[in-house]
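Structure at a glance
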Amino acid sequence: MNKAKRLEILTRLRDANPHPTTELNFSSPFELLVAVTLSAQATDVSVNKATDKLFPVANTPEAIYALGVDGLKDYIKTIGLFNSKAQNVHKLCQILIEQHNSEVPESREALEALPGVGRKTANVVLNTAFGWPTIAVDTHIYRVSNRTKFAMGKNVDKVEEKLLKVVPKEFKVDVHHWLILHGRYTCLARKPRCGSCIIEDLCEYKDKIDD
Ligand code: SF4
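Note that the coordinates shown come from a computational prediction; the quantities given were computed from them, not determined experimentally.

Reading the values: rules and limits
- Residues numbered from 1 in each chain as written.
- Predicted model: local features only at pLDDT ≥ 70, side-chain atom pairs only at ≥ 80, totals over all residues.
- Heavy atoms only, no water.
- Core = buried A, V, L, I, M, F, W, Y, C linked by side-chain atoms within 4.5 Å.
- Buried < 20%, exposed > 50% of the residue type's maximum accessible area, 1.4 Å probe, protein only.
- Helix = DSSP H or I, 4+ residues; strand = E, 2+ residues; numbered from the N terminus.
- Contact = heavy atoms within 4.5 Å.
- Domains from an automatic or database assignment.
- Buried area = accessible area lost by both parts, 1.4 Å probe.
- UniProt positions renumbered as here; feature names shortened; annotations may be inferred.
- Near = heavy atom within 4 Å.
- Nonpolar A, V, L, I, M, F, W, Y, C, P; charged D, E, K, R; others polar.

**Concerning the nonpolar core**
Counting 32 residues, the largest nonpolar core has Phe30, Leu33, Ile64, Leu111 and Leu114 as its most contacted members. In terms of residue count, the dominant contributor to this core is helix α2 (residues 29–38) (7 residues). Dropping the residues within four chain positions of it, Leu114 is found in contact with Leu33, Leu92, Ile95 and Leu96. Residues Leu13, Val144, Leu179 and Ile180 belong to the second largest nonpolar core, which totals 21 residues.

**Some remarks on the domain arrangement of the chain**
The figure often quoted for interface size is the accessible area lost as the parts come together. Under the domain assignment, the chain is made up of domain 1 (3–20 + 134–196) and domain 2 (29–128). With 12 residues of domain 1 in contact, the opposing surface of domain 2 contributes 9 residues. Roughly 760 Å² of surface becomes buried between domain 1 and domain 2 when both sides are summed, with 45% attributable to carbon and sulfur atoms. A per-residue breakdown of the area domain 1 buries against domain 2 is headed by Thr134, Ala136 and Glu160, which together make up 53% of the total.

**Description of the UniProt feature "binding site: [4Fe-4S] cluster" (unreviewed entry) in the chain**
This chain's UniProt record puts "binding site: [4Fe-4S] cluster" (unreviewed entry) on Cys187, Cys194, Cys197 and Cys203. Considering the C-alpha atoms alone, the annotated residues occupy 17 residues of sequence yet fold into one spot, their largest mutual distance being 10.6 Å. Structurally, Cys187 is set in the segment after α10 (169–185). On the accessibility criterion, Cys187 (9% relative accessible area) is buried. Apart from residues lying up to four places away in sequence, Cys187 is in contact with Arg143, Val144, Arg147, His182 and Pro192. Checked against the element boundaries, Cys203 lands in the segment after α10. Once residues lying within four places of it in the same chain are set aside, the contact partners of Cys203 are Thr148 and Lys208.

**Regarding the site of the ligand**
With respect to spatial proximity, the complete set of residues near the ligand consists of Arg147, Thr148, His182, Cys187, Pro192, Arg193, Cys194, Cys197, Ile199, Glu200, Cys203 and Tyr205. The residue inventory of the shell around the ligand, partitioned by class, reads 7 nonpolar, 2 polar and 3 charged.

**Focus: the environment of Lys149**
Mapped onto the fold, Lys149 is located in the loop between α8 (139–148) and α9 (156–166). Along the sequence, Lys149 and Ile97 sit 52 residues apart, while their C-alpha atoms lie 44 Å from each other. Beyond its immediate chain neighbours, meaning those up to four positions away, Lys149 contacts Met1, Arg6, Glu204 and Lys206.

So, in structure tokens, the structure goes:
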């Protein structure tokens, strides 16, 4: 895909949604970190259902740590992999208290050292809580980037690398959300909605579907 097409795609996505954000509910960097950690292999809707009950009761490292692993499980047991997630989040709270003054560190290295936090989660937190121009590549972004030929790569790291290279600076902070939302609601995995896609004429996917 050439530069002009990429620019037009980004411009259209921006015009359609000038201030995109995550669909996870959060009101602080700590809540976002917990929500993103819980969202691995789970839907944002299922995470929001759990955190809508958890955060009013406990939304600080101290409060979640005080719940204990079993207490935390009671709130998140509707989310997939809740056993390991409860252990990770509990431990993560302990580390934030002991090593980071109960704050979420604005550092990739420190974030990735937390249990249950990988590159993707760190990218989301750095981007959405702190405004860094990081691009977290999830399944939606991976699919949309390859399908459209916007930024092709054999794995998520390669796609991230390519996106960081080809997306102009002014679009970098928001491109993560535009591509996720596009993949979630329009460029669906099994049946993309090409007929109602605002970038249909620019997308280079060969098997577009009319409806
Ligand atoms: S035209 Fe179809 S395949 Fe291309 S981005 Fe739109 S929905 Fe996805």
